[in-house]
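# A look at the structure
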Amino acid sequence: MILEALASAVLGLVLAWAAVHRLSHRLPARPLVFSTGIAGALFGDFVTHTALGPGIAWLSLLGAAIISAASLSLLLRPAGRLRRSATA
């Protein structure tokens, strides 16, 4: 269980690093991105492990990757400048 949590935290860190590397212009500060990636992976591992039970570690890591990627995607900002209407 400890190794599974450690592996999911490392997986979240790798996903956050990849997001910062590829989309740094669309993300907020790096510490927020890294902590969100790790927390999302740990939460995804917890939810998947609770739903499926012990013994299926690779599915728990898959759930960790999915939840981590989903939480990182919530941090993305629009690529272009936002246009404001004349009345705003």
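Summarised in this report is the structure supplied together with it. The model shown is predicted, which means the values in this text are computed figures rather than measured ones. Position labels on residues start from 1 in each chain and follow its written sequence. In view of the model being predicted, local features appear only for residues whose pLDDT reaches at least 70, and side-chain atom pairs are presented and counted only at 80 or more, with totals across whole chains, interfaces and linings using the full set of residues. Hydrogen atoms and water are omitted, and side-chain values are computed over all heavy atoms in the structure.

## Structural notes on the overall build of the protein chain
Summing up its helical and strand segments, the protein chain has three helices and zero strands in all. Numbering of helices and strands runs from the N terminus, with a helix taken as a DSSP run of H or I at least four residues long and a strand as a DSSP run of E at least two residues long. The linear arrangement of helices and strands in the protein chain, starting from the amino end, is α-α-α. C-alpha atoms define the radius of gyration in this analysis, and the globule rule sets the expected value at 2.2 Å times the number of residues to the power 0.38. The C-alpha radius of gyration computed for the protein chain amounts to 16 Å, which surpasses the reference 12 Å derived for 88 residues by more than 25%, pointing to a less compact arrangement than a globule. Across its three principal directions, the C-alpha atoms of the protein chain cover 60 × 25 × 15 Å. Burial status across the protein chain gives 28% buried among its 88 residues. Relative accessibility decides the category of a residue: with a 1.4 Å probe and only protein chains considered, values under 20% of the type maximum give buried, values over 50% give exposed, and everything between is partly exposed.

## Looking at the packing of helix α2 (residues 30-52) against helix α3 (residues 57-73)
Interaxial angles span 0 to 180 degrees and are taken between N-to-C directions of axes, which are lines fitted to C-alpha atoms, for helices over the stretch in contact. The interhelical angle for the contact between α2 and α3, taken along N-to-C directions, is 140°, at an axis separation of 7 Å. Between α2 and α3, the angle is such that the two are oblique. Pair α2 / α3 crosses with right-handed handedness. Of α3, the residues touching α2 (which contributes Val 33, Thr 36, Gly 37, Gly 40, Ala 41, Phe 43, Gly 44, Asp 45, Thr 48, His 49 and Leu 52) are Leu 59, Ser 60, Gly 63, Ala 64, Ile 67, Ser 68, Ser 71 and Leu 72. Across the contact of α2 with α3, the residue classes tally to eight nonpolar, 10 polar and one charged. Working definition: roughly parallel below 35 degrees, roughly antiparallel above 145 degrees, roughly perpendicular at 65 to 115 degrees, and oblique for all remaining angles. Each crossing gets its handedness from the near helix: less than a right angle anticlockwise from the far helix is left-handed, clockwise is right-handed. In this description, contact between two residues means that some pair of their heavy atoms is separated by no more than 4.5 Å. The nonpolar class holds Ala, Val, Leu, Ile, Met, Phe, Trp, Tyr, Cys and Pro. Asp, Glu, Lys and Arg form the charged class, and all remaining residues, Gly among them, are polar.

## Concerning the nonpolar core
Listed in full, the seven residues of the largest apolar core are Ala 16, Ala 19, Val 20, Leu 27, Val 33, Leu 72 and Leu 75. If you tally residues by element for this core, the top one is helix α1 (residues 2-23), at three residues. With residues up to four places along the chain from it excluded, the contact list for Val 20 reads Leu 27, Arg 30, Val 33 and Phe 34. In these notes, a set of buried Ala, Val, Leu, Ile, Met, Phe, Trp, Tyr and Cys residues joined through side-chain atoms within 4.5 Å is what counts as a nonpolar core.

## Quick look at a nonpolar patch on the surface
Here, patches come from residues exposed beyond 30% relative accessible area and free of salt bridges, joined within 9 Å for like charges and within 5 Å for nonpolar side chains (Val, Leu, Ile, Met, Phe, Trp, Tyr). Reported accessibility uses the Shrake-Rupley method at a 1.4 Å probe radius. Residues are deemed covered only where the shown protein chains occlude them. Criterion for a salt bridge: a side-chain nitrogen of Lys or Arg within 4 Å of a carboxyl oxygen of Asp or Glu. A cluster of nonpolar side chains, namely Phe 43, Phe 46, Val 47, Leu 52, Ile 56, Trp 58, Leu 62, Ile 66 and Ile 67, defines an oily patch on the protein surface of about 890 Å² accessible area. Breaking the nonpolar patch down by element, the ones donating at least two residues are α2 and α3. Tracing the sequence through the fold places Leu 52 in helix α2.

## Thoughts on the side chain of Glu 4
In this structure, Glu 4 sits in helix α1. Charge counting follows a simple rule: Lys and Arg are positive, Asp and Glu are negative, and His as well as the terminal groups are ignored. The charged side chain of Glu 4 is buried without a salt bridge, its nearest counter-charge being Arg 22 at 28 Å. Polar contact is defined as a pair of N or O atoms within 3.5 Å, subject to the rule that within protein one atom must be able to donate a hydrogen and the other to accept it, and that residues adjacent in sequence are counted only when both atoms are side-chain atoms. A distance of 3.0 Å separates a polar atom in the side chain of Glu 4 from a polar atom in the side chain of Ser 60. Those residues in contact with Glu 4 that sit more than four places away from it in its chain are Asp 45, His 49, Ala 57, Ser 60 and Leu 61.

The analysis is restricted to geometry; functional conclusions fall outside its scope.
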